[in-house]
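A look at the structure
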Amino acid sequence: MGMIKVLRGKDTVMIIPNAGAAAATGSLCSPNIFRTSFSSWQPSYPMGKVALDKGYKDVYLISWNYGMGRESLEAFEESFEAGGGNVVKKVLMPFPSTNFQPHISDIAAQDPDAVFVFFAGGGAAKFVKDYDAMGLRGKIPLLGSGFLTEGTLEAQGEAAEGVLTTLHYAEQLDVPKNLEFRETFHTEYGHYPDIYAVQGYDAGQAIIKTINLLDGDVSDKQAVINTMEKLTINSPRGDFTFSRAHNPVQNIYLREVKNGVNVVASVAAEALEDPARGCKL
């Protein structure tokens, strides 16, 4: 967010390969700012409809009290409540606390139809393991933004089986570019890529394609912006374009953890465009 405020409206083109902060392609959008990852709204919004389609009417929400956590829960609420769903309780924990046991006990007491969360990294690993250890796996379905099981499955082990998440990528996505990318990446680095590698790769693609289309002449910054915003990126996640706010217009996939892998169950939302609230472009 600091870099956006420094570079907004300047000649330098800024590419965001990960951060999901809504303001980047919302209220602080700018012609020279592009994102090759996601907005916080995109992975979570489709899960509201998924929950409703599965017959879940009463859902408990929990995350950390910081930007990504708040924005993720709000996106789920937006679609879930619009379809008639009821949020039983919404908990925002201090970041980065991992004292989940009291909240999981509360979930058990509330007995909702399902739980929706945003956690990532070590916190995601611990929440899923605590949820299982306290006997809720198999009783109350656990739903999440895809980062809950992205890069964390090895640590979560058996506890993650059956968890449903929505994200703009999955390891075994049946896209030719993904199959090629995964094998090439594995040969180069000795391990398989996750969503963070995909987003970085696509940031590189956006730069290279733009430079090639301009025959290497990037002196005219407006020409650079005009060229980049018209790109179609052939991504391991599936092709995507940029919205008017320069956020990816991309598929969001419903994934279920099976045998330690995020398996694609369906396309939860096709060519989903972030609403870019507050963007004046």
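Being a predicted model, the structure only gives us computed values, none of them experimental. Just so you know, the residues in each chain are numbered from 1, in the order the chain's sequence is written. It should be noted that, the model being predicted, local features are given only for residues of pLDDT at least 70 and side-chain atom pairs only at 80 or more, the latter also being counted only at that level, while totals for whole chains, interfaces and linings use all residues. Hydrogens are left out, water is left out, and the side-chain values use all remaining heavy atoms of the structure.

A short note on the pairing of strand 7 (residues 164-167)
Here is the rule: Throughout this description, buried means an accessible area under 20% of the type-specific maximum (1.4 Å probe, protein chains only), exposed means over 50%, and partly exposed covers the range between. Helix and strand assignments come from DSSP, with helices taken as H or I runs of at least 4 residues and strands as E runs of at least 2, each series counted from the N terminus. At least two bridges found by DSSP between two strands is the condition for calling them paired.
Alternating positions in strand 7 separate into two faces, Leu 164 and Thr 166 on one and Thr 165 and Leu 167 on the other, with burial throughout. Alignment of strand 6 (residues 142-145) against strand 7, held across three bridges, turns out to be parallel. The residue of strand 7 that forms the bridge with Gly 144 is Thr 165. Looking at chain direction, strand 7 and strand 10 (residues 248-258) are connected through four bridges and run antiparallel. Looking across to strand 10, one finds that Thr 165 is bridged to Arg 255.

With respect to the pairing of strand 4 (residues 86-93)
Note the cut-off: When the strands point away from the viewer, a crossover counts as right-handed if the path from the first strand over the helix to the second runs clockwise.
Where strand 3 (residues 58-64) lies against strand 4, seven bridges are found, and the strand directions are parallel. Bridge assignment links Val 59 to a residue of strand 4, and that residue is Val 87. Read as a crossover between parallel neighbours, the route from strand 3 over helix 3 (residues 67-82) to strand 4 is right-handed.

Things to note about the pattern of salt bridges
Stated formally: For salt bridges, the criterion is a side-chain nitrogen of Lys or Arg within 4 Å of an Asp or Glu carboxyl oxygen.
What the rule picks out here adds up to nine salt bridges. Residue Asp 53 pairs with Lys 49 through a salt bridge whose shortest N-O separation is 2.8 Å. Here Asp 53 pairs with Lys 49, and both are found in helix 2 (residues 41-53), just four residues apart, close to one helical turn. We classify Asp 53 as exposed; its relative accessible area is 57%. Between Lys 126 and Asp 130 there is a salt bridge, with its nearest N and O atoms 2.7 Å apart. One end of the pair, Lys 126, and the other, Asp 130, are both in helix 5 (residues 121-133), four residues apart, so they sit about a helical turn from each other. According to the relative accessible area criterion, Lys 126 is partly exposed, its value standing at 29%. Look at Asp 130 and you get buried, because its relative accessible area is 12%.

A short note on the packing of aromatic side chains
The condition is simple: Only centres within 6.5 Å qualify two rings of Phe, Tyr or Trp (six-membered ring in Trp) as a pair; their planes then separate them into stacked at under 30 degrees, edge-to-face at over 60, and tilted for everything else.
Enumeration over the complete set of coordinates arrives at 20 aromatic pairs. Centroid distance Trp 64 to Tyr 66: 6.0 Å. Interplanar angle 75°. Geometry classified as edge-to-face. Trp 64 gets classed as buried once you look at its relative accessible area, which sits at 4%. Between Trp 64 and Phe 119, the aromatic rings sit 4.9 Å apart at their centres with planes inclined by 85°, giving edge-to-face as the arrangement. With a gap of 55 residues between them, Trp 64 in strand 3 and Phe 119 in the loop between strand 5 (114-118) and helix 5 connect regions that are remote in the sequence. On the accessibility criterion, Phe 119 (0% relative accessible area) is buried. Following the ring pairs from residue to residue traces out a cluster consisting of Phe 38, Trp 64, Tyr 66, Phe 95, Phe 100, Phe 118, Phe 119, Phe 127, Tyr 131, Phe 147 and Tyr 196.

Quick notes on the domain arrangement of the protein chain
The criterion, for reference: For the domain bounds, the source is a domain assignment made automatically or taken from a database. Every residue pair with non-hydrogen atoms within 4.5 Å of one another is taken to be in contact. Buried area is calculated as the accessible area (1.4 Å probe) missing from two parts once they are joined, with the contributions of both summed. Think of a polar contact as two N or O atoms within 3.5 Å of one another; within protein, one of them needs to be a possible hydrogen donor and the other a possible acceptor, and neighboring residues in sequence only count if both atoms come from side chains. All amino acids are sorted into three groups, where Ala, Val, Leu, Ile, Met, Phe, Trp, Tyr, Cys and Pro are nonpolar, Asp, Glu, Lys and Arg are charged, and the leftover types, Gly among them, are polar.
Taken domain by domain, the protein chain holds domain 1 (1-40 + 173-250) and domain 2 (44-167). Contact residues are listed per partner, giving eight residues for domain 1 and seven residues for domain 2. Carbon and sulfur atoms supply 62% of the area buried between domain 1 and domain 2, which totals about 640 Å² over both sides. The largest share of the area that domain 1 buries against domain 2 comes from Ser 40, Ile 195 and Tyr 196, three residues that together contribute 64% of it. Here domain 1 is connected to domain 2 by zero salt bridges. The tally of links from domain 1 across to domain 2 stands at three residue pairs in polar contact (both at pLDDT 80 or more). Of the residues in the side of domain 1 that touches domain 2, the class split is five nonpolar, two polar and one charged.

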